[in-house]
Amino acid sequence: MRGVRIDAALPMKFESSGIFIADEGWKHPKRVLESFVIIVVIGGTLYMEHDGECLSLTRNDLCLLLPGVEHNGYDKVKEGTSFYWAHFTPRGNFKRFDCGGGTYSPDQNDFRNGIYIPTSFLQANLERIIILCNQLCHINESRYLNNYAADYAVTSLLVEVSEQFLRANQPGKRRGKLEKILEWIRVNADRSISLSDVAHEFNYSKEYLSRYFHKMMGITMLKYINRLRIAKAKELLSQGDWQIKEISKLVGIRDDKYFLRLFKEYVNLTPEQFRNAYNKTHYNKK
């Protein structure tokens, strides 16, 4: 496991960002940059060679390209392969880490002071990351008078990646029954699942599962499921032009009027207001 620890006392210096959509047969050019680049794949498969690794990145995967290190595409991609990209430079100190292929867990006293980004991170929680990428692109295209808007936006994106990476790589982490339940809910949240469905899947009584889940998570299972659905809805609103009724069905809510009420309750905006809030994005195919 390799990556970079960046001092978080100051925000990153934002350089540029956008969404790349590839033509058939495109291959990433060979180059060396002076800035860091974070890439978040949202469609197709991206083939990247960087820092001695050949990466095959699909949806939910991301990578960090280091300054002064050559990177290039080692194979051609299919048409429509797409990814968010952002260039940035740390204002504070940074250093590389390498833990020899094992899990990585820095001293807990250092968590609040540093951002930890792996050079490759597979199967990230894409919903939250995509929303932050989209907001960053919108701020970049809006040409804010204050340059710090994009600086803090790219820093927020990196903090989210760091948090997910550190939580996923805690040494000795065990997939107990709660982790298995949460993963099953995540995978199936786009269906009309309920407490009864989860209880049946894991052979628990509804009463026991309800008490256990609330004790461990601090919220009801229904509220947790709805949070996942709204997070997915925000991702879809950020990325495409789906109608609200379509999004409602895609996230597992059949009643679009109920979806509208739920979205407003969780986000304090209507779906259309949320979509319009961050709708400027730079696209490129070069």
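Residues numbered from 1 in each chain as written. Predicted model: local features only at pLDDT ≥ 70, side-chain atom pairs only at ≥ 80, totals over all residues. Heavy atoms only, no water.

(A) Main features of the pattern of salt bridges. On inspection of all chains with the given rule, the structure shows 10 salt bridges. Salt-bridge contacts for glutamate 53 lead to arginine 2; the nearest nitrogen and oxygen are separated by 3.6 Å. With glutamate 53 in strand β5 (residues 53–57) and arginine 2 in strand β1 (residues 2–7), the pair connects residues that are 51 residues apart, well separated along the chain. The salt bridge partner of lysine 232 is glutamate 235, with a shortest N-O separation of 3.5 Å. One end of the pair, lysine 232, and the other, glutamate 235, are both in helix α6 (residues 221–239), three residues apart, so they sit about a helical turn from each other. The exposure class of lysine 232 is partly exposed, given its relative accessible area of 25%. Look at the salt bridges and you will find they share partners, linking Arg2, Asp51, Glu53 and Arg96 into a network. (Salt bridge = Lys/Arg side-chain N within 4 Å of Asp/Glu carboxyl O. Helix = DSSP H or I, 4+ residues; strand = E, 2+ residues; numbered from the N terminus. Buried < 20%, exposed > 50% of the residue type's maximum accessible area, 1.4 Å probe, protein only.)

(B) Molecular detail of the packing of aromatic side chains. Counted by the stated rule, this structure contains 16 aromatic pairs. The interplanar angle of 10° and the centroid separation of 5.4 Å between the aromatic rings of phenylalanine 36 and phenylalanine 88 together place this pair among those described as stacked. On the criterion of sequence distance, the pair formed by phenylalanine 36 in strand β3 (residues 36–43) and phenylalanine 88 in strand β8 (residues 82–89) is long-range, its members being 52 residues apart. On the basis of an interplanar angle of 55° and a centroid distance of 5.3 Å, the ring pair of tyrosine 204 and tyrosine 208 is categorised as tilted. Overall, tyrosine 204 belongs to the partly exposed group, its relative accessible area being 27%. Members of the aromatic cluster, each reached through a chain of ring pairs, are Phe97, Tyr116, Phe121 and Phe165. (Phe/Tyr/Trp six-rings, centres within 6.5 Å; stacked < 30°, edge-to-face > 60°.)

(C) Examining the state of the cysteines more closely. Counting across every chain of the model gives zero disulfides. Note on cysteine 54: no disulfide assigned, nearest cysteine sulfur contributed by cysteine 63 at a separation of 12 Å. The class for cysteine 54 is exposed, based on a relative accessible area of 52%. Cysteine 133 takes part in no disulfide bond, and the closest cysteine sulfur to it belongs to cysteine 137, at a distance of 6.7 Å. (Disulfide = S-S within 2.5 Å.)

(D) Region of interest: the packing of helix α3 (residues 177–188) against α6. Where α3 contacts α6, the two axes come as close as 10 Å, and the packing angle between them is 50°. Taken as axis vectors, α3 and α6 run oblique relative to one another. Seen along the crossing, α3 lies across α6 with a hand that is right-handed. Residues Ile181, Leu182, Ile185 and Arg186 of α3 lie in contact with α6, whose contacting residues are Met221, Tyr224, Ile225 and Leu228. (Axes fitted to C-alpha atoms, helices over the stretch in contact; angles between N-to-C directions. Parallel < 35°, antiparallel > 145°, perpendicular 65-115°, else oblique. Left-handed = near helix turned anticlockwise from the far one by under 90°. Contact = heavy atoms within 4.5 Å.)

(E) Spatial organisation of unusual backbone geometry. At aspartate 51, a position not held by glycine, the phi torsion is positive, near 55°. The topology assignment puts aspartate 51 in the loop between β4 (46–50) and β5. Residue arginine 143 is not a glycine yet carries a positive backbone phi of 55°. As for its placement among the helices and strands, arginine 143 is situated in the loop between α1 (126–142) and α2 (148–168). Residue classification places arginine 143 among the exposed positions, given a relative accessible area of 56%.

(F) Representation of the sheet that holds β1 within the structure. The sheet built from three strands is open, its strands ordered β9-β1-β10 with antiparallel pairing. Two strands lie at the open edges of the sheet, namely β9 (94–98) and β10 (114–118), each paired on one side alone. In this sheet, adjacent strand axes meet at a mean angle of 25° when their direction is disregarded. Contacting β9 and β10, α2 runs over the sheet at an angle of about 70° to β10. (Pairing = 2+ DSSP bridges.)

(G) The arrangement of the side chain of serine 82 in detail. Looking at where serine 82 falls in the secondary structure, it is placed in strand β8. Exposure remark for serine 82: the relative accessible area of 11% places this residue in the buried category. Apart from residues no more than four positions distant in its own chain, serine 82 is found in contact with Phe20, Ile21, Val41, Ile42 and Gly43.

(H) Summary view of empty space enclosed by the protein. Overall, the coordinates contain one cavity of 30 Å³ or more when judged by the stated rule. Taken as a whole, the largest cavity spans an internal volume of roughly 40 Å³. (1 Å grid on protein atoms, 1.4 Å probe; cavity = no way out; pocket = protein on both sides within 12 Å on 5 of 7 lines; lining within 4 Å. Points joined across faces, edges and corners; volume = space filled by probe spheres on them.)

(I) Structural detail: a positive patch on the surface. A surface patch of positive charge is lined by Lys245, Lys249, Lys257 and Arg261. Only α7 (244–250) and α8 (256–267) provide two or more residues apiece to the positive patch. Judged by relative accessible area, lysine 245 falls into the exposed class, the value being 53%. (Patch = residues over 30% accessible without salt bridge, like charges linked within 9 Å, V, L, I, M, F, W, Y side chains within 5 Å. Areas by Shrake-Rupley, 256 points an atom, 1.4 Å probe, with all protein chains shown as cover. Lys, Arg positive; Asp, Glu negative; His and termini not counted. Charge placed at Lys NZ, Arg CZ, Asp CG, Glu CD.)

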